[in-house]
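Single-letter residue listing:
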Amino acid sequence: MLRVAGRRAVWALPLLLTIIVVMFCLLRAIPGDPVQAMVGDFPVPPAYRALIEEKYHLNDPLPTQIVTYLGNIVSGDFGYSYQNQRPVIGLILERAPRTILLASASFAIAIPLGLLLGVLAGTARRPLADKLLTTSALIAYAIPTFWLGQLLVIVFALQLGWLPTQGIGPMISRAHGFAWILERLRYLALPALAFAIHEGMRIARISRASVIDTLGQGYIVTARAKGLTRGAIIRRHILRNASLPVVTIAGYAFGHALGGAVLLETVFAWPGVGLLLVDSIRLRDNMTVIGIVIVSAIAVVVMNLVVDVVYALLDPRIRTAR
Amino acid sequence: MTAPLLDITGLKVHLHVGERIVRAVDGVDLQVAHGTCVGVVGESGSGKSTLARAAARLLPNLPATISGTAQFEGRDLLGMNERALRGLRRRHGFSMIFQDPLGYLNPTQRIGAQIGEALSDEDGAKTPRIAALLDEVGLAGARDIVRRYPHELSGGMRQRVMIAIALASAPKLLFADEPTTALDVTVQLQVLQALYRLHRERQMAIVIITHDLAVVAEICDACHVMQSGRVVESGPTASLFANPQHPYTARLLELSRRRAGVRP
Ligand SMILES: Nc1ncnc2c1ncn2[C@@H]1O[C@H](COP(=O)(O)OP(=O)(O)O)[C@@H](O)[C@H]1O
Ligand SMILES: [Mg+2]
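The structure contained in this document is the topic of the report that follows. Just so you know, these numbers come straight off a predicted model, no measurement behind them.

Remarks on the sheet that holds strand S2 (residues 20-32) of chain B
All names here are of chain B.
- Taken in spatial order, the 4 strands of this open sheet run S2-S1-S4-S5, and their pairing is antiparallel. Strand pairing shows two members of the sheet lacking a second neighbour, S2 and strand S5 (75-76), which therefore form its edges.
- Sheet topology places strand S1 (residues 6-17) next to strand S4 (residues 64-72); 8 bridges connect them, and they run antiparallel. Residue pairing across strands places leucine 6 opposite phenylalanine 72, the latter belonging to S4.
- Across the sheet, helix H1 (residues 48-55) touches S1 and S2, and the angle it forms with S1 is around 115°.

Quick look at the interface of chain B and chain A
- The partner chain A presents 20 residues to the 23 residues of chain B that form the contact.
- Each partner contributes to the roughly 2000 Å² buried at the junction of chain B and chain A, and carbon and sulfur atoms together form 54% of this total.
- The three residues of chain B that bury the most area against chain A are B:Pro107, B:Thr108 and B:Glu117, which together make up 28% of that side's buried surface.
- Counting across the chain B and chain A interface gives 2 salt bridges.

So, the pairing of strand S3 (residues 37-41) of chain B
Residue and element names in this part refer to chain B.
- The element S3 is largely enclosed, with a buried count of 5 among its 5 residues.
- Here S3 shows no split at all, with Cys37, Gly39 and Val41 on one side and Val38 and Val40 on the other all buried.
- The pairing of S3 with strand S8 (residues 205-210) spans 5 bridges and is classified as parallel. Residue pairing in the sheet places cysteine 37 in a bridge with isoleucine 206 of S8.

Observations regarding the nonpolar core
- Core analysis: the biggest nonpolar cluster contains 85 residues, and B:Leu51, B:Phe94, B:Ile115, B:Val161, B:Leu173, B:Phe175 and B:Ile208 have the highest contact counts within it.
- Looking at this core, the element that brings in the most residues is helix H6 (residues 155-167) of chain B, giving 8 residues.
- In this structure, B:Phe94 is in contact with B:Ala56, B:Phe72, B:Leu77, B:Leu85, B:Leu88, B:Arg89, B:Pro171, B:Leu173 and B:Phe175, ignoring residues within four places of it in sequence.
- Counting residues in each nonpolar core, the second largest holds 30 residues, with A:Met38, A:Leu70, A:Ala96 and A:Leu276 among its members.

Observations concerning the site of ligand 1
Residue and element names in this part refer to chain B.
- Taken together, 13 residues form the shell around ligand 1, and within it Gly45, Gly47, Lys48, Ser49 and Thr50 come nearest.
- Within the side chain of serine 49, an N or O atom sits 2.7 Å from an oxygen atom of ligand 1.
- At 2.5 Å from an oxygen atom of ligand 1 is found a side-chain nitrogen or oxygen belonging to threonine 50.
- Burial of ligand 1 by the protein amounts to 65% of the accessible area it has alone, namely 550 Å².
- Those elements that provide at least two residues to the shell around ligand 1 are S1, S2 and H1.
- Top element by residues in the shell around ligand 1 is H1. It accounts for 3 residues.

Examining the side chain of B:Gln114
- Mapped onto the secondary structure, B:Gln114 falls in helix H4 (residues 111-116).
- With a relative accessible area of 1%, B:Gln114 lands in the buried category.
- Those residues within four positions of B:Gln114 in sequence are excluded, and the remaining contacts are A:Lys226, B:Leu105, B:Asn106, B:Gln109, B:Pro150 and B:Ile165.

Notes on the packing of helix H5 (residues 88-122) of chain A against helix H8 (residues 177-215) of chain A
- Running from N to C, H5(A) and H8(A) cross one another at 35°; their axes reach a closest spacing of 5 Å. The hand of the H5(A)/H8(A) crossing is right-handed.

Quick notes on the state of the cysteines
All names here are of chain B.
- Under the criterion given, the structure shown has 0 disulfides over all chains.
- In this structure cysteine 223 is not part of a disulfide, and its nearest cysteine sulfur, from cysteine 220, lies 6.5 Å away.
- For cysteine 223, a relative accessible area of 0% corresponds to the buried category.

Section: the packing of aromatic side chains
- Across all of its chains, the model carries 8 aromatic pairs over all chains by this definition.
- Pairing A:Phe107 with A:Phe195 gives two aromatic rings, centres 6.0 Å apart and planes at 80°, and the pair type is edge-to-face. A residue pair is termed long-range when its members are at least 10 positions apart, and A:Phe107 in helix H5 and A:Phe195 in helix H8 qualify at 88 residues. In this pair, the class of A:Phe107 matches that of A:Phe195, namely buried.
- Centroid distance B:Phe98 to B:Tyr104: 4.1 Å. Interplanar angle 15°. Geometry classified as stacked.

Each value, and the rule that gives it
Residues numbered from 1 in each chain as written. Chains lettered and ligands numbered in written order. Predicted model: local features only at pLDDT ≥ 70, side-chain atom pairs only at ≥ 80, totals over all residues. Heavy atoms only, no water. Pairing = 2+ DSSP bridges. Helix = DSSP H or I, 4+ residues; strand = E, 2+ residues; numbered from the N terminus. Contact = heavy atoms within 4.5 Å. Axes fitted to C-alpha atoms, helices over the stretch in contact; angles between N-to-C directions. Buried area = accessible area lost by both parts, 1.4 Å probe. Salt bridge = Lys/Arg side-chain N within 4 Å of Asp/Glu carboxyl O. Buried < 20%, exposed > 50% of the residue type's maximum accessible area, 1.4 Å probe, protein only. Core = buried A, V, L, I, M, F, W, Y, C linked by side-chain atoms within 4.5 Å. Near = heavy atom within 4 Å. Polar contact = N/O pair within 3.5 Å; in protein donor to acceptor, adjacent residues only side chain to side chain. Areas by Shrake-Rupley, 256 points an atom, 1.4 Å probe, with all protein chains shown as cover. Left-handed = near helix turned anticlockwise from the far one by under 90°. Disulfide = S-S within 2.5 Å. Phe/Tyr/Trp six-rings, centres within 6.5 Å; stacked < 30°, edge-to-face > 60°.

Structure, rendered in structure tokens:
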């Protein structure tokens, strides 16, 4: 198992380094004054300009600049956000837990929901039941998350008044302990649900296809020949084998979600990485934008590693393959 | 004479493949007496597998029109409900083994679990019974085999595992669909010998499907020759081989003799 992970990690490192170098080159490719490109639409004081030029070796050849930048990133220095008057890494670290929370909550709902629907549709005895489930899932999947989010807000926040419309918590909270957690969950509910429905439908579609593929395998015939009940066949022979492609897709989607669900975070004013990205782009806060892109890339690469390990856990054939 | 173990009359299986109707089995009669071995031979596509899978109620999930009758110990097989069918499959009924043991074993489950789930719960602890089954199919020497996965075994071992799974329900009848076709020549003989030994020791009837007439000559009491979904000739193996009536049978025999001559 560790060997699988190790082998993939060896491949992941050069990939990440390439992404970082490319990002830096893109930053340098912005026409005009490089310092201005790093700082954004602000007048730059001469003293600050000198500081930047020295820190990033902007007057040295490009390779020197790249090596310097790589060194900074590796030591955790993602630059300074002039707009926020804070180091970029601090900004990202403040926002990341909220995005991770939103993504985790969403996938904690989406994966079981998707698997359940997929198995129900894939093993449905009546074709009509399958058609109905599949079509509903497709329609739900076709609704963009931001619009779905707004629909949920209209129904559950504005009309029924059960849940708050946006944000991550009240301006002033007096709740402690369990009550505090409940209060937070109320804010989390709608964005997580919107996200979960979308991702869940995607997972449902993949699960269904995978279940149907599994049903055609020889070992299902063997399972029938053993006299197992329908439920036992689904539990012991279909679920695990059919979940293999689901792990891949859900894992990659989760890695992607860690980079911030931009539209969803905007709709719900959820102050995560996605919202930070939108604000930074608007203000041409390029150091922050690049920092987010790099951190997102790391998240995707790490999730791919996790997917490989989980895959190997589920499929013994991968474990023994060299 | 008592009623046969398996009694198939006028069985037709017409598969609906898209717009077409494939008459995979088109009016077959076949009887299997208790403890006997019956061979079904015929070239590829003649309907042998479909016949066996229809009789074992293991047809693929494909629209099909099935007619005729099939009885197991006098009980109607074709109309039998799932529950009764499961009863027969779990104990003292029938089971089946296939040509491609790798595809017919679950790749993500250990061998022990796959044999274990074929054992009925009523007969006591499973571990010693799994060991006994492995012993019976000649895998006693294989260390730790219960903890291994199908892809870690050789083709011959996998087919022996399939046989162990099939034996778990102590069946009175075993359908063996080209059990040795996918194996190396040397292994083919060993697996066949194991099957024959089990047939004798357990007095278990076998319907063996093959396109290898040498197999039939060795172990079958009776033989049915299939062509395009029909049985064109059948009878006791010895007389059928000595004096084939149908030109198709004669040709099959001729072909297999020629092949046998080529082999060492
Ligand atoms: N799942 C299937 N889909 C389409 N056609 C099939 C299927 N199974 C069998 N057939 C057709 O039925 C006929 C008999 O096939 P089969 O029983 O597998 O023959 P055999 O086992 O003697 O090679 C063939 O013409 C084959 O193409
Ligand atoms: Mg066949």
